[in-house]
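Here are the chains, one letter per residue:
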Amino acid sequence: MEAFDYVAPRTLDEVYGHLNNGKRTLFMAGGTDVIVQLREGRRECDLLIDLKRIEQLTSYAFDSEGTLVIGAAAPLARIYEDVDVRRRLPGLVDAASLIGGIQIQSRASLGGNLCNASPAADSSPALIALGATLVIASVSGRREIPVEEFFLGPGRNALEPGELLVEVRIPAQPPRSGTRYLRFIPRNEMDIAVASAGVRVQLAPDSDTLESVRIALGAVGPTVKVVDVTSLAGRTADSATIEEAGRLAAEVATPIDDMRGSIIQRRKLARVLTIRAMEGAIERAKEIR
Amino acid sequence: MVMADKPQYRVIGTRPLRPDAIDKVTGRAQYGADTRQSGMLRGYVLRSPHAHANIRSIDTSKALAYPGVKAVITAADFCLPGQTVADLPDLTTNILAGSKVYYHGQAVAAVAAISDEVAREAARLIDVDYEVLQPVLDVREAMLPGAPVLHEAMRTRTPEGPGAEPSNIVAHAVVVFGDPEAALADCDVVVEGDFSTRMVHQGYIEPQAATAMWNPDGQVTIWTAHQGSFPARQATATILNHPSSKIKVVLTEIGGGFGGKIAVYLEPVAAMLSKKTGHPVKLQMDRVDVFEGTGPTPGTSIRAKLGATKDGNFKVYMADMAYENGAYAGTAANYATMVATACYDIEHVRLDGYDVVVNKPRTQDYRAPSSPAAAFAMEQLVDQMAEKLNMDPEKLRLQNSSREGTRGSMGMPFARIGHEEIVQAALDSDHYNSPLEGPNRGRGTASGYWFNVGLRSSVNVTVQPDGTVALSVGSTDLSGTRTSLAMQLAETIGVDFEDVKAAVVDTDSVGYNDVTAGSRVTFGTGMATYEAGKNLIAAMKERLATTWNVPADDIQFEAGKFSSPDGSKSGTFKEIAQLVVGRGPGLTVSGSVNAGFLQGGGFAHHIVDVEVDPDTGKVQILRYTAIQDVGTAIHPAYVEGQLQGGAVQGIGWALNEEYFYDDNGRMLNSSFLDYRMPTTLDVPMIDTILVEVPNPLHPYGVRGVGEPPIVPPLAAIANAVAHATGVRQYQLPMSPRRILQTTGKIEE
């Protein structure tokens, strides 16, 4: 690890003052990935900007429309321990409570997990299922994009030079909907997803008909895979439909062979996890209804 | 469970608090990397990116010129006058490569500098010119004619003499009893299998670290977390060509070893860097270095057959056992021939053991080295035999069990051993008698053996003026042996445990001790401690003779009390010590023993329940019971901890651990993220049953307990998975992917 400069600004304006000066700059929204990568020589930088001192980036709140606005550097543990969040967004809690162990979760953030752009990241399939968007800011303004448009490839995201991710926005969930995120790991904790699935379903007011379904898969492609499940809308939430969702998921998966899993194994897991996550999502939707 | 003939003890069998506990839980204990010396430099070791390559040249000039660098060394610095690096022995080239590298991660050069960062940066400037060679990674491929040869000079040692051609087969050991071929034809039932296990690491929590100071007068001090201060001193002396008496090794606390810290890696390098710079130099590994550059345990390929009569009497066992030694010659397969059949009385045996070099790290011991893989084959065949004969596997084991007098695999009859007792304890256990219900679940059992060693030990005991005693030990305390030795001394001299203070001391301060391994310290150093206790009582009697004016031989010592022949004078150990030492000259005695090579053998038997997820292939351990003949449990809580730790390491080995290489021989998973040891969430409480069959070779009946418990888990879990899925598991690890493959859920 080569020496680098470190700053911990208090405001976004201060952050902008450190950008666009030709320095190789990295942001730290927790440091649980970036510090390890620097130490192992997988990244290099001249300047590391710590975002943890910026109030706006480390807080979270539901706004008047019920959207949960999460600062990009807010620690995961604070989010998933929040009683309101646990009640309103259990699908988010599924993912946020899986990223690392308790010490890691006290530092790590959704923003960091997203910007790291690992295909196996736990936050992204869940956030996509929840219909979340991202607010990206720079000295010249803000823009908002859906989470699924943020990833360009392994380790590559849609941030332009001079931009940073400032907010994750999770809209109020549709009525009668439920979301579930599941990943497969060989151990029971402290591991990285071999494959994962986030599923949201919305049921009709008085029947088990699916009004809408969203499915996103992790670790089965260079970026999160969003499964086209328009064909499932209007069908009954029964085992045949769930099986069909699993089949669609396996079809979309384009995984790689590596030490963590094989192509065939990951396709199989995409199917199995989609089925199990969908069953869980339907159960949650029914509880709410 | 306690045998009826166990003597009553005062201290042995109790569970006192460990004296090193507070330092360890508060972080105050000093481990290898905590060593700080004034003027200390930091070292860094450059490692090979290739698995197999000739080193054409090493240019260190740019690194030497880097600001802050004090020295750069290579293997050439270890050559005697007239020697070249090609002449250096394996011992030396494994710590800094000579003319060749044999594995990815092998040390090639080392830098000493004013800081760790400077040393690392400078190491990047060392220019090594490699000629990359084809590696060979699979043990069976390495045995084939035409495989890339690691060592041109290697000729296979066989019972008929050395082979004619260069070969990767280090040695072919053959053990034959009876007439196995003929007996096989007479068997009613024969089961067989082609088994393989993967290279795994001990996974000790503390990476290696060593600091050395070479004084101008040639006196060298080394601070290290090592399993044996005296063997480390000898190996370092040999590599440095420096008298061992001029080297003092100071042991720090050690964060696990399991056999993996018997070899030296950093000690001679730090010493040479200190010699060159005149400063103390500290070297420490990180986890990548530990995985890639230290010695794991071999992967294996074992083809085995078990034959029996229709009544379930084992008649013949035949096994062809190939063990990876890694980059240099080792003895794992030879060990395997010594342990493979130990649990059973089998008349006809043929064991062929092949030690084989491959382009992986030089392997080292790991708890009962060679035995878990040998048991993975044997105990699955026993399970299959029970299925074929429609017998309870425990009853089949009991029917064929070794006992006192049975010929062991080394040819000698066993002394009193407890294999029958532990299998019976399994049959009687709550676990075995509780039904296992529900789909995708299975129960498995397996036995295991380790021979355990004695070797040489020495301790000193000093009497304090207040009548307490200090016990100075030369054996590394891996597992609480300061306590188990202090308890034996307290028992011997009749004092309370709290009146004995035990410490591990350096190589100048106590007589010779062999390595802390082979489950030998509580046994062998325990015998030395017992000797020291007896010597101390004798020395006290000599002094008391003058004070009491009676012949020393007539003084009685019983139940912790000295008394004069007529009973008129008496006193406890503490009272008498205050009298004859407190007011007299100091008193230190020693106890030194050679406890022999073998100590009589330890047997373990495990029961495990698993559930297999049919869709993901994941195996969950539901319930686990470890049963063992522990001789006499000196400190039962420590003994239980050994059984639990061994079982958990075995669970990891069985389910997910493996060295994962690319085709070029580069290890890809050298981190605890991708090298998957079990966490607390992956294992249930490991229940233990201690069976005490006292070892007749030790005054208190001690048997080594650290190694047998890693032997049964691989086979026990494989048997459980076979019963849960209906599919026999021949290969480790039984990872989710492997389970999906073998159960036909995915085809690849």
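Residues numbered from 1 in each chain as written. Chains lettered and ligands numbered in written order. Predicted model: local features only at pLDDT ≥ 70, side-chain atom pairs only at ≥ 80, totals over all residues. Heavy atoms only, no water.

**Student:** Outline the overall build of chain A, listing residues and values.
**Tutor:** Along its length, chain A carries 11 helices and 14 strands. Relative to the 2.2 N^0.38 estimate, which gives 19 Å for 289 residues, the radius of gyration of chain A is 19 Å and therefore close to what a compact globule would have. Per-residue burial over chain A gives 55% buried out of 289 residues. Of the contacts made within chain A by residues no fewer than 6 positions apart, 59% connect residues no fewer than 24 positions apart. The centroid of the 35 positive side-chain charges in chain A is displaced by 3 Å from the centroid of its 38 negative side-chain charges. (Helix = DSSP H or I, 4+ residues; strand = E, 2+ residues; numbered from the N terminus. Rg over C-alpha atoms; globule rule 2.2 N^0.38 Å. Buried < 20%, exposed > 50% of the residue type's maximum accessible area, 1.4 Å probe, protein only. Contact = heavy atoms within 4.5 Å. Lys, Arg positive; Asp, Glu negative; His and termini not counted. Charge placed at Lys NZ, Arg CZ, Asp CG, Glu CD.)

**Student:** Just give me the short version of empty space enclosed by the protein, but keep the residues and values in it.
**Tutor:** It is the rolling of a water-molecule-sized probe over the atoms that shows where space remains empty. Here the structure, examined in full by the defined rule, presents seven cavities of 30 Å³ or more. Approximately 110 Å³ is the volume found for the largest cavity. If you go around the largest cavity, you meet 14 residues; those closest to its centre are P186(A), R187(A), L655(B), N656(B) and D682(B). When contributions to the lining of the largest cavity are tallied by element, the ones reaching two or more residues are β27 (619-629) and α18 (636-655) of chain B. In terms of residue class, the lining of the largest cavity is made up of six nonpolar, four polar and four charged. Of the volumes computed, that of the second largest cavity is approximately 70 Å³. Lining the second largest cavity are 14 residues, and of these V339(B), A340(B), C343(B), A375(B) and G448(B) sit closest to its centre. At the level of secondary structure, the elements contributing two or more residues to the lining of the second largest cavity comprise α11 (371-389) and β18 (441-450) of chain B. Ranked by residue count, the leading element in the lining of the second largest cavity is α11(B), at five residues. A breakdown of the residues in the lining of the second largest cavity according to their chemical character gives nine nonpolar, four polar and one charged. (1 Å grid on protein atoms, 1.4 Å probe; cavity = no way out; pocket = protein on both sides within 12 Å on 5 of 7 lines; lining within 4 Å. Points joined across faces, edges and corners; volume = space filled by probe spheres on them. Nonpolar A, V, L, I, M, F, W, Y, C, P; charged D, E, K, R; others polar.)

**Student:** Report on the interface of chain A and chain B, specifying residues and quantitative values.
**Tutor:** Across the contact, 23 residues belong to chain A and 27 residues belong to chain B. It is R187(A), N188(A) and M259(A) in chain A that bury the most area against chain B; as a group they hold 30% of the surface buried on that side. At the boundary of chain A with chain B, the tally comes to four salt bridges. Across the chain A-chain B interface, the total number found is 14 residue pairs in polar contact (both at pLDDT 80 or more). Residue composition of the side of chain A that touches chain B, grouped by class: nine nonpolar, four polar and 10 charged. (Buried area = accessible area lost by both parts, 1.4 Å probe. Salt bridge = Lys/Arg side-chain N within 4 Å of Asp/Glu carboxyl O. Polar contact = N/O pair within 3.5 Å; in protein donor to acceptor, adjacent residues only side chain to side chain.)

**Student:** Explain the pattern of salt bridges to me, and be specific about the residues and the numbers.
**Tutor:** Tallied over the full model, the rule gives 62 salt bridges over all chains. Between R183(A) and E189(A) there is a salt bridge, with its nearest N and O atoms 3.9 Å apart. Both residues of the pair, R183(A) and E189(A), count as buried. R403(B) is the salt-bridge partner of E420(B), the closest N and O atoms lying 2.9 Å from each other. Of this pair, E420(B) sits in helix α13 (residues 419-428) while R403(B) is found in the loop between α12 (393-400) and α13, placing the two residues 17 residues apart along the sequence. Residue class for E420(B) comes out partly exposed when judged on its relative accessible area of 25%. Within this structure, R18(B), D20(B), K24(B), E253(B), D477(B) and R482(B) form a network of salt bridges that share partners.

**Student:** Could you give me a rundown of the environment of K62(B), with the residues and numbers involved?
**Tutor:** All names here are of chain B. When you line up the elements, K62 lands in helix α2 (residues 61-65). Taking the relative accessible area as the measure of exposure, K62 reaches 55% and is therefore exposed. C-alpha of K62 to C-alpha of A123: the two residues are 61 residues apart in sequence and 9.3 Å apart in space.

**Student:** Tell me about the packing of aromatic side chains, residues and numbers included.
**Tutor:** Residue and element names in this part refer to chain B. Counted under the stated rule, the structure contains 23 aromatic pairs over all chains. Consider the rings of F291 and Y659, whose centres lie 6.2 Å apart with planes at 70°: the pair is edge-to-face. Of this pair, F291 sits in helix α9 (residues 287-293) while Y659 sits in the loop between α18 and β28 (686-691), and the two are 368 residues apart along the sequence. Relative accessible area serves as the criterion here: at 1%, F291 is assigned to the buried category. (Phe/Tyr/Trp six-rings, centres within 6.5 Å; stacked < 30°, edge-to-face > 60°.)

**Student:** Mind laying out the sheet that holds strand β22 (residues 556-558) of chain B, listing which residues take part and the relevant values?
**Tutor:** All names here are of chain B. Spatially, β22-β23-β24 is the arrangement adopted by the three strands of the open sheet, whose pairing is antiparallel. In this open sheet, the two edge strands, each paired with only one partner strand, are β22 and β24 (570-572). Across the sheet, the mean angle from the axis of one strand to that of its neighbour is 20°, orientation sign disregarded. Note that strand β23 (residues 561-563) and β24 share three bridges and pair antiparallel. Looking at the pairing, K561 lines up with T572 of β24. Each of β23 and β24 touches helix α17 (residues 573-582); the most contacted strand, β24, lies at about 105° to it. (Pairing = 2+ DSSP bridges. Axes fitted to C-alpha atoms, helices over the stretch in contact; angles between N-to-C directions.)

**Student:** Go over the layout of surface pockets, please, and point to the residues and values.
**Tutor:** Residue and element names in this part refer to chain B. Volume-wise, the second largest pocket comes out at about 910 Å³. For the second largest pocket, the lining is made up of 42 residues, of which R198, E658, Y659, F660 and R738 are closest to its centre. Of all elements in the fold, only α5 (139-143), β10 (189-197), β15 (300-308) and α20 (736-742) reach the threshold of two or more residues within the lining of the second largest pocket. Among the elements that take part in the lining of the second largest pocket, α20 stands out by supplying four residues, more than any other. Of the residues belonging to the lining of the second largest pocket, the class tally is 14 nonpolar, 13 polar and 15 charged.

**Student:** A description of the domain arrangement of chain A should follow, citing residues and the corresponding values.
**Tutor:** All names here are of chain A. Here the domain parsing of chain A yields domain 1 (5-170) and domain 2 (177-285). Distance from the C-alpha centre of domain 1 to the C-alpha centre of domain 2: 24 Å. Counting residues at the interface gives 23 residues for domain 1 and 23 residues for domain 2. Here domain 1 and domain 2 share an interface that buries about 1800 Å² over both sides, 61% of which is from carbon and sulfur atoms. Of all residues in domain 1, D94, P125 and A129 bury the most surface against domain 2, accounting for 28% of the area lost on that side. If you look at where domain 1 meets domain 2, you find four salt bridges. (Domains from an automatic or database assignment.)

**Student:** Got a sec to walk through the state of the cysteines? Specific residues and values, please.
**Tutor:** A complete count under the given rule lists zero disulfides over all chains for this structure. Looking at C45(A), it has no disulfide partner, and the nearest cysteine sulfur is the one in C115(A), 15 Å off. (Disulfide = S-S within 2.5 Å.)

**Student:** Residues and numbers for the sheet that holds strand β12 (residues 195-203) of chain A, please.
**Tutor:** All names here are of chain A. Strands sit in the order β11-β12-β13-β14 across an open sheet of four strands; the sheet is antiparallel. Each of the sheet's edge strands pairs with one partner strand only, and the pair in question is β11 (177-184) and β14 (225-227). Taking the axes of each pair of neighbouring strands and ignoring which way they run, one obtains an average angle of 15° across the sheet. Here helix α10 (residues 239-252) sits on the sheet in contact with β13 (210-218) and β14, set at roughly 145° to β14.

**Student:** Account for the packing of α10(A) against helix α11 (residues 263-288) of chain A, with residues named and values stated.
**Tutor:** How two helices sit against one another is set out by the angle between their axes and by the gap between those axes. Residue and element names in this part refer to chain A. Closest axis-to-axis distance for the α10/α11 pair is 8 Å, and the angle between their directions is 140°. By the angle between their directions, the pair α10 and α11 is classed as oblique. In this structure, α10 crosses over α11, and the sense of that crossing is right-handed. Where α10 abuts α11, its residues T241, I242, E243, A245, G246, R247, A249 and A250 lie against R267, A270, R271, T274, I275, M278, E279 and I282. Across the contact of α10 with α11, the residue classes break down as eight nonpolar, three polar and five charged. (Parallel < 35°, antiparallel > 145°, perpendicular 65-115°, else oblique. Left-handed = near helix turned anticlockwise from the far one by under 90°.)

**Student:** Could you give an account of α10(A), with specific residues and numbers?
**Tutor:** Residues three or four positions apart in an α-helix share a direction because the helix packs 3.6 residues into each turn. Residues and elements named next belong to chain A. Its 14 residues give α10 an end-to-end C-alpha distance of 20 Å, which sits within 8% of 20 Å, the value for a rise of 1.5 Å per residue. Looking at α10, one finds that the buried residues are T241, I242, E244, A245, G246, L248, A249 and A250. Elements that come into contact with the buried residues of α10 comprise β13, β14 and α11. (Expected span 1.5 Å × (residues − 1).)

**Student:** Explain the domain arrangement of chain B residue by residue, including any values.
**Tutor:** Residue and element names in this part refer to chain B. Looking at chain B, the domain boundaries give domain 1 (21-28 + 454-594), domain 2 (32-133 + 208-284) and domain 3 (300-452 + 598-742). The centre of domain 1, based on its C-alpha atoms, is set 38 Å off from the matching centre of domain 3. In this complex, domain 1 contributes 17 residues to the contact, which on the side of domain 3 involves 18 residues. Here domain 1 and domain 3 share an interface that buries about 1400 Å² over both sides, 65% of which is from carbon and sulfur atoms. Here domain 1 and domain 3 share zero salt bridges between them. Counting across the domain 1 and domain 3 interface gives seven residue pairs in polar contact (both at pLDDT 80 or more). For the side of domain 1 that touches domain 3, the elements supplying multiple residues, two or more each, are α15 (481-493) and α16 (521-548). Counting residues per element, the side of domain 1 that touches domain 3 draws most heavily on α15, which supplies six residues. For the side of domain 1 that touches domain 3, the residue count by class is four nonpolar, 11 polar and two charged.

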